[in-house]
Amino acid sequence: MIIDRITLREIRMPLVHFFETSFGRTTHRRILLVEVRSEGAAGWGEVTAGELPFYNEEWVDASWLLLREIIGPKVIGRQIGAAANVSRVLPPVRGHRMTAGGLEAAIWDLEARKLGVPLWKHIGGSRVDVACGVSIGIQDTVDELLGLIEREVTAGYRRVKIKIKPGWDIDVVRRVREKFPDVPLMVDANSAYSLTDADHLKQLDAFNLMMIEQPLAHDDIIDHAKLQEKLNTAICLDECIRCARHAEQAIEMGACRIINIKLGRVGGFSEALLVHNVARAGGIPVWCGGMLESGIGRAHNIALSTLDNFKLPGDVSASKRYWQRDIIHPPVEVLASGVIELRETPGFGYEIDHDYLKTVTLREETLG
Ligand code: OSB
Ligand code: MG
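Here's what I pulled together on the structure shown here.

Basis of the calculations
- Residues numbered from 1 in each chain as written.
- Chains lettered and ligands numbered in written order.
- Predicted model: local features only at pLDDT ≥ 70, side-chain atom pairs only at ≥ 80, totals over all residues.
- Heavy atoms only, no water.
- Axes fitted to C-alpha atoms, helices over the stretch in contact; angles between N-to-C directions.
- Helix = DSSP H or I, 4+ residues; strand = E, 2+ residues; numbered from the N terminus.
- Parallel < 35°, antiparallel > 145°, perpendicular 65-115°, else oblique.
- Left-handed = near helix turned anticlockwise from the far one by under 90°.
- Contact = heavy atoms within 4.5 Å.
- Nonpolar A, V, L, I, M, F, W, Y, C, P; charged D, E, K, R; others polar.
- Salt bridge = Lys/Arg side-chain N within 4 Å of Asp/Glu carboxyl O.
- Donors = N, O, S within 2.8 Å, 3.2 Å for Na, K, Ca; no water.
- Buried < 20%, exposed > 50% of the residue type's maximum accessible area, 1.4 Å probe, protein only.
- Pairing = 2+ DSSP bridges.
- Patch = residues over 30% accessible without salt bridge, like charges linked within 9 Å, V, L, I, M, F, W, Y side chains within 5 Å.
- Areas by Shrake-Rupley, 256 points an atom, 1.4 Å probe, with all protein chains shown as cover.

Another point: the packing of helix 8 (residues 221-230) against helix 9 (residues 244-253). It is the contact of helix 8 with helix 9, at a shortest axis distance of 9 Å, that shows an interaxial angle of 30°. In terms of orientation, helix 8 lies roughly parallel with respect to helix 9. Between helix 8 and helix 9 lies a crossing of right-handed hand. Residue-level inspection shows Ile221, Ile222 and Ala225 of helix 8 in contact with helix 9, the latter providing His246, Ala250 and Met253. Grouping the amino acids of the contact of helix 8 with helix 9 by side-chain chemistry returns 5 nonpolar, 1 polar and no charged.

Set out below in structure tokens:
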């Protein structure tokens, strides 16, 4: 394939409900979208970086520059081969995997559309529906949190994840468990603790949690291995796993029993497939993480979740939990049984609502 043009668009949309993690509260999302064009066909991807470099080192403004100045020019007008090989033709940028991953995902979408097949089949997925969980942020009060959990469980979601941080952890989980003794429940700390908190975190063993996600530093697999030895609850790594080699090392060290795969964090579908395969070979189940995506990134996550080792419900939920109106049509919907059904439409499977997209676009630039 030869990429003729790349169009970058930055959109801004308010979240239906604020989302708070241990590193801060988000009320609006600024999202960078990547459209690639080749011989009249289009493919779309989403850069999952946040507005500020707090989840990892990436952020929207840096991603825009990197795509415009460094990555885009290396791709436009060149024979790039198959989508599976794109990472090999990109310049050797260290890190910034979400940025490259947004472009890589767009090229997979383009290739699937050119072949006339749904993206999920094109990457080798086999599930015809995917199980959904919800990620619920830190709230102002525990009562508000309990109300939100009630609503999501009633809607059919198959597991609940709540965000924790020092001061919003053991007592909150205790109250959630009192009200919902049987709900499949997990917590995500987004690196808010250190190994010296091991005894404190050990108290979470009392609540029959499915897992505790990324309790320690974003780049520290070794300390997670030490912590996992002390906990009965499974550790799930998110931030730490940026490539398949990290997954191999984490598994070898016993740093986790579950892995969250985020398409952007690992740099796109090719690396996500490798992480998936490494985990499967090590007997480690995976699930698909989310980054408060618009419909485009959401649809890519749904496709990824059809791979066979995605054995646990992911943070892939309905558009309406995030957006009053999504930029895709139809919006992503979750059935009362807690699943999203896959579509047969070529590519990522949904239409782009171009009219609405225009109204939320802050800037747009075409390269090539
Ligand atoms: O750690 O999984 C995370 C959102 C922003 C940054 C990090 C994370 C999250 C989520 C939200 O948990 C998942 C979603 O609903 O998209
Ligand atoms: Mg996480």
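This part takes up the pattern of salt bridges. Within this structure, the stated rule accounts for 33 salt bridges. Among the salt bridges present, the one from Asp61 reaches Arg363, with a minimum N-O distance of 3.0 Å. Here Asp61 is found in helix 1 (residues 60-75), whereas its partner Arg363 is found in strand 15 (residues 361-367), with 302 residues between them in sequence. As a salt-bridge pair, Lys163 and Asp188 come within 2.7 Å of each other at their nearest N and O atoms. Of this pair, Lys163 sits in strand 6 (residues 160-163) while Asp188 sits in strand 7 (residues 185-188), and the two are 25 residues apart along the sequence.

A separate point is the coordination of the magnesium ion (ligand 2). Ligation of the magnesium ion (ligand 2) by protein atoms is provided by Asp188 (OD), Glu213 (OE) and Asp238 (OD), these donors lying 2.1 to 2.3 Å from the ion. The sequence pattern formed by the donor residues of the magnesium ion (ligand 2) is D-x24-E-x24-D. Highlighted residues: Asp188 in strand 7 and Glu213 in strand 8 (residues 212-213), separated in sequence by 25 residues. Taken individually, Asp188 and Glu213 each receive the classification buried, so the pair is uniform in this respect.

The strand order across the open sheet built from 4 strands is 3-2-1-15, with neighbouring strands paired in antiparallel fashion. The outermost strands of the open sheet, each flanked by one partner alone, are strand 3 (41-47) and strand 15. Neighbour to neighbour, the strand axes of the sheet diverge by 25° on average, direction disregarded. Summarising the sheet, strand 1 (residues 5-21) and strand 15 pair through 6 bridges and their orientation is antiparallel. By the bridge assignment, Glu10 is partnered in strand 15 with Arg363. On top of the sheet, helix 1 reaches strand 1, strand 2 (24-38), strand 3 and strand 15; it is set at about 155° to strand 1, its chief contact. Its contacts with the sheet put helix 11 (residues 295-304) on strand 2 and strand 3, and the angle it makes with strand 3 is roughly 95°.

A contiguous nonpolar surface patch, about 380 Å² in accessible area, is contributed by Phe23, Leu52, Phe54 and Trp59. Positionally, Leu52 belongs in the loop between strand 3 and helix 1.

Let's shift gears to the packing of helix 1 against helix 3 (residues 97-115). Two numbers describe how helix 1 lies on helix 3: the axes approach to 10 Å, and their chain directions differ by 50°. In terms of orientation, helix 1 and helix 3 fall into the oblique class. Relative to helix 3, the crossing made by helix 1 is right-handed. Contacts from Ser63, Leu66, Leu67, Ile71 and Val75 in helix 1 reach Thr99, Ala100 and Leu103 in helix 3. In terms of residue class, the contact of helix 1 with helix 3 is built from 6 nonpolar, 2 polar and no charged.

Right, let's talk about the sheet that holds strand 11 (residues 286-288) for a bit. Sheet strands associate in pairs through backbone hydrogen bonding, adopting either a parallel or an antiparallel arrangement. Here we have 7 strands laid out as an open sheet, ordered 5-6-7-8-9-10-11, and parallel in their pairing. The strands lining the two open edges of the sheet, one partner per strand, are strand 5 (134-136) and strand 11. Of the strand pairs in this sheet, strand 6 and strand 7 are connected by 4 bridges, and their pairing is parallel. Residue Val160 lies in a different strand from strand 7, and its bridge partner there is Leu185.

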